[in-house]
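Chain residues, written in single-letter form:
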Amino acid sequence: QVQLVESGGGLVQAGGSLRLSCAASRTYNGSPMGWFRQAPGKEREFVAAITWSGSITYYADSVKGRFAISRDNAKNTVYLQMNSLKAEDTAVYYCAAHNGWGGSPYSGYDVWGQGTQVTVSS
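Conventions we followed
- The residue numbering used here restarts from 1 in each chain and proceeds along that chain's sequence as written.
- The predicted nature of this model means local features are confined to residues of pLDDT at least 70 and side-chain atom pairs, given and counted, to a pLDDT of 80 or more, with totals for whole chains, interfaces and linings taken over all residues.
- Working from all heavy atoms in the structure, the side-chain values ignore hydrogens and water.
- Only DSSP runs of H or I reaching four residues or more are called helices, and only runs of E reaching two or more are called strands; each is numbered from the N terminus.
- Working definition: with a 1.4 Å probe on protein chains only, accessible area under 20% of the residue-type maximum means buried, over 50% means exposed, and in between means partly exposed.
- The contact definition used throughout considers only heavy atoms, calling two residues in contact when any of these lie within 4.5 Å.
- Sulfur atoms of two cysteines make up a disulfide when they are within 2.5 Å.
- In this analysis, rings of Phe, Tyr and Trp, with Trp reduced to its six-membered ring, are considered paired at centre separations within 6.5 Å, and the interplanar angle assigns stacked below 30 degrees, edge-to-face beyond 60, and tilted for intermediate values.

J.: Can you explain the environment of L20? Please cite residues and give values.
T.: Following the sequence through the fold, L20 ends up in strand β3 (residues 18–24). Judged by its relative accessible area of 0%, L20 falls in the buried class. For the pair L20 and Y94, spaced 74 residues apart in the sequence, the C-alpha separation amounts to 9.7 Å. For L20, the contacting residues outside a window of four places in its chain are S7, G8, G9, W35, V78, Y79, L80, M82, Y93, T116 and V118.

J.: Go over the state of the cysteines, please, and point to the residues and values.
T.: Inspection of every chain in the model, using the stated rule, returns 1 disulfide. Here C22 is linked by a disulfide to C95, with a sulfur-sulfur distance of 2.0 Å. Here C22 and C95 share a disulfide; its torsion about the S-S bond, -80 degrees, makes the bridge left-handed. Here the residue C22 occupies a position in strand β3, and C95 occupies one in strand β9 (residues 91–97), the gap between them amounting to 73 residues.

J.: Can you tell me about the packing of aromatic side chains, naming the residues and giving the values?
T.: One pass over the structure, following the stated rule, counts 6 aromatic pairs. With 5.6 Å between their ring centres and 80 degrees between their planes, F36 and F46 make a pair best called edge-to-face. Residue F36 is found in strand β4 (residues 33–38), and its partner F46 is found in strand β5 (residues 45–50); the two are separated by 10 residues along the sequence. For F36, a relative accessible area of 7% puts it in the buried group. Ring centres of F36 and W112 lie 5.0 Å apart, and the angle between their planes is 65 degrees; this geometry places the pair in the edge-to-face category.

This is the structure:
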């Protein structure tokens, strides 16, 4: 079982930036990693994902052009750089992984971190 630990959340003013990190307890070969978020009273939603090689990235329309996902497989870590933050980005952000090989970048994740709170003040 892969364990994921997110960090880097906090309080930031609108227009500011944050970088989230997700450290995995072991290597997760051949599968994409993703970031999701859940705002109060809303369902969890997809934010971004990246393939094992890092060559292909996927983004929700709401964050495209503002957020960037990357990964360092040598460190078993995935990052989410968030720029031009808006109040509507306020949520708990979760990192996710697939236990096995492959998997969809958008859904079907079976390993989740505990989440990190991001609050954007307007």
